[in-house]
Amino acid sequence: MPQTHPSAPDRPRVIRAAGSAPEEPDRVAKAILDAYDAADRQGSRPASLTMQWDDATAALDFAAWQGFRDGSLSLEAVAVRLRIESGADAAAAARAAAGLEAAGPGSPAPGSPGPPGTAGSLLSPQTLKHPLVLGGCGLLLLLGVLVGVAIVVRLLMRRPAPRATPPPLPPADRPTPLAPPRGTPRPPAQLRFLSGPLAGRVVPLPAQLRIGRETAGNDLVLEDPSVSRHHALIAWEADGCRVRDLGSSNGSFLNGLRLDRPALLGAGDQLTVGQIRIEVL
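Residues numbered from 1 in each chain as written. Predicted model: local features only at pLDDT ≥ 70, side-chain atom pairs only at ≥ 80, totals over all residues. Heavy atoms only, no water.

1. Focus on the sheet that holds strand E7 (residues 208–212)
Spatially, five strands are ordered E8-E7-E9-E10-E13 in an open sheet, and the strand pairing comes out mixed. Looking at the sheet topology across the chains shown, the edges are occupied by strand E8 (220–221) and strand E13 (263–264). (Pairing = 2+ DSSP bridges. Helix = DSSP H or I, 4+ residues; strand = E, 2+ residues; numbered from the N terminus.)

2. Notes on helix H2 (residues 62–70)
Among all positions of H2, only Phe62, Ala63, Ala64, Trp65 and Gly67 are buried. Those residues of H2 that are buried are in contact with helix H1 (25–41), strand E3 (56–61) and helix H3 (75–80). Glycine 71 occupies a position one or two residues after H2 and carries a positive phi of about 90 degrees. (Buried < 20%, exposed > 50% of the residue type's maximum accessible area, 1.4 Å probe, protein only. Contact = heavy atoms within 4.5 Å.)

3. What about H1?
With 17 residues, H1 should cover 24 Å at 1.5 Å per step; its first-to-last C-alpha distance of 24 Å lies within 8% of that length. Listed in full, the buried residues belonging to H1 are Pro25, Val28, Ala29, Ile32, Leu33, Ala35, Tyr36, Ala39 and Asp40. Seen from one end, H1 has its buried residues packed into an arc of 155 degrees, which puts them on one side. Residues of H1 that are exposed and point more than 90 degrees away from the buried face comprise Arg27 and Arg41. Positioned one or two residues after H1, glycine 43 has a phi angle of 85 degrees, which is positive. (Expected span 1.5 Å × (residues − 1). Arc of directions from axis to C-beta.)

4. Topic: the pairing of strand E2 (residues 48–52)
In terms of burial, E2 is largely enclosed, as five of its five residues are buried. Here E2 shows no split at all, with Ser48, Thr50 and Gln52 on one side and Leu49 and Met51 on the other all buried. Here four bridges tie strand E1 (residues 13–16) to E2, and the two strands are oriented parallel to one another. Counted as the bridge partner of valine 14 is threonine 50 from E2. Once the chain exits E1 it traverses H1 before rejoining the sheet at E2, and the crossover so formed is right-handed. In this sheet, E3 lies alongside E2 in antiparallel orientation, the contact comprising five bridges. Paired with glutamine 52 across the two strands is threonine 57, which belongs to E3. Taking the residues that link successive antiparallel strands as the turn, the E2-E3 hairpin has three residues. (Right-handed = clockwise from strand over helix to strand, strands pointing away.)

5. Let's talk about the pattern of salt bridges
All told, the structure shown has 11 salt bridges when counted by the stated rule. Across the pair arginine 242 and glutamate 237 runs a salt bridge, and its minimum N-O distance is 3.7 Å. Looking at glutamate 237, the relative accessible area reads 34%, which means it is partly exposed. Arginine 242 is the salt-bridge partner of aspartate 239, the closest N and O atoms lying 2.6 Å from each other. On the accessibility criterion, arginine 242 (15% relative accessible area) is buried. Residues participating in the shared-partner salt-bridge network are Glu237, Asp239, Arg242 and Arg244. (Salt bridge = Lys/Arg side-chain N within 4 Å of Asp/Glu carboxyl O.)

6. Quick look at the sheet that holds strand E14 (residues 270–273)
The antiparallel open sheet is built from six strands, whose spatial order is E6-E5-E15-E14-E11-E12. Unpaired on one side and paired on the other, strand E6 (202–204) and strand E12 (257–258) mark the two borders of the sheet.

7. With respect to the packing of aromatic side chains
Enumeration over the complete set of coordinates arrives at two aromatic pairs. Here tyrosine 36 and tryptophan 65 contribute two aromatic rings whose centre-to-centre distance is 5.5 Å and whose plane-to-plane angle is 20 degrees, an arrangement assigned as stacked. Here tyrosine 36 is found in helix H1, whereas its partner tryptophan 65 is found in helix H2, with 29 residues between them in sequence. The burial state of tyrosine 36 is the same as that of tryptophan 65; both residues are buried. When the ring of phenylalanine 62 is compared with that of tryptophan 65, the centres are 5.7 Å apart and the planes differ by 45 degrees; the resulting orientation is tilted. Of this pair, phenylalanine 62 and tryptophan 65 both sit in helix H2, separated by three residues, roughly a single helical turn. In terms of burial, phenylalanine 62 and tryptophan 65 fall into one category: buried. Members of the aromatic cluster, joined through ring pairs, are Tyr36, Phe62 and Trp65. (Phe/Tyr/Trp six-rings, centres within 6.5 Å; stacked < 30°, edge-to-face > 60°.)

8. A word on the side chain of serine 248
Along the chain, serine 248 falls in the loop between strand E10 (240–245) and strand E11 (252–254). A distance of 3.2 Å separates a polar atom in the side chain of serine 248 from a polar atom in the side chain of histidine 231. A polar contact of 2.7 Å, which involves the side chain of serine 248, links it to the side chain of aspartate 245. Ignoring any residue separated from it by four or fewer positions in sequence, one finds serine 248 in contact with Ser228, His231 and Arg258. (Polar contact = N/O pair within 3.5 Å; in protein donor to acceptor, adjacent residues only side chain to side chain.)

This is how it looks when you write it as structure tokens:
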């Protein structure tokens, strides 16, 4: 005898499903529709059917299964009627089933997502397509571009620090003394050796004094390898006592400046011949 089905749906049913729920709403709807088909083959038509996975609970009403079966509802339209709640517990299943009963057959359940992919933990890939999410991402991208442009403009507008202007060179005919001038300089009268083989000795300054390493042709002999054979000449002239370098290898220095031409010599100056320092008294 052929099996007959009840004309009116019976009480809601809850089915426990192993594992995690599918992420796509269409696959969730298909799983519940298959469960409806299995119940129909057993002679039962639940008013609502709730499936309970490890991580979510979803429910579907009888009218949605019937519309899918007769072709008036597509799988996407059935997915819209899904009521999905996170958490696989009995309370969630009861809430899902109660929501479908309150909505009535053929109506979307209260709190159910609108178009597929707009709410629910199962719809996380589709949630990214929500206008609010897309708008927020666009705003963050725009802010990032503006910050990058501001940094580039700031770097381009940064100017290098001006270089310090070197002080003007002193007059060529007179090296700048190490110490400030002390009024009118006294004429030199003696030389005191601060280093070298004659360190500590004081010698008088004659009208002309030739300084060098060799005995021949020099008035003052300094036996030091830094001193040339004919190194420097100190001589009195019409405008005062002048010192000049005689083309020495290591040079002659007056108050720390190398002599490249004759320079006036006064008391208090320091003369360096090679590496020997001499104080003018």
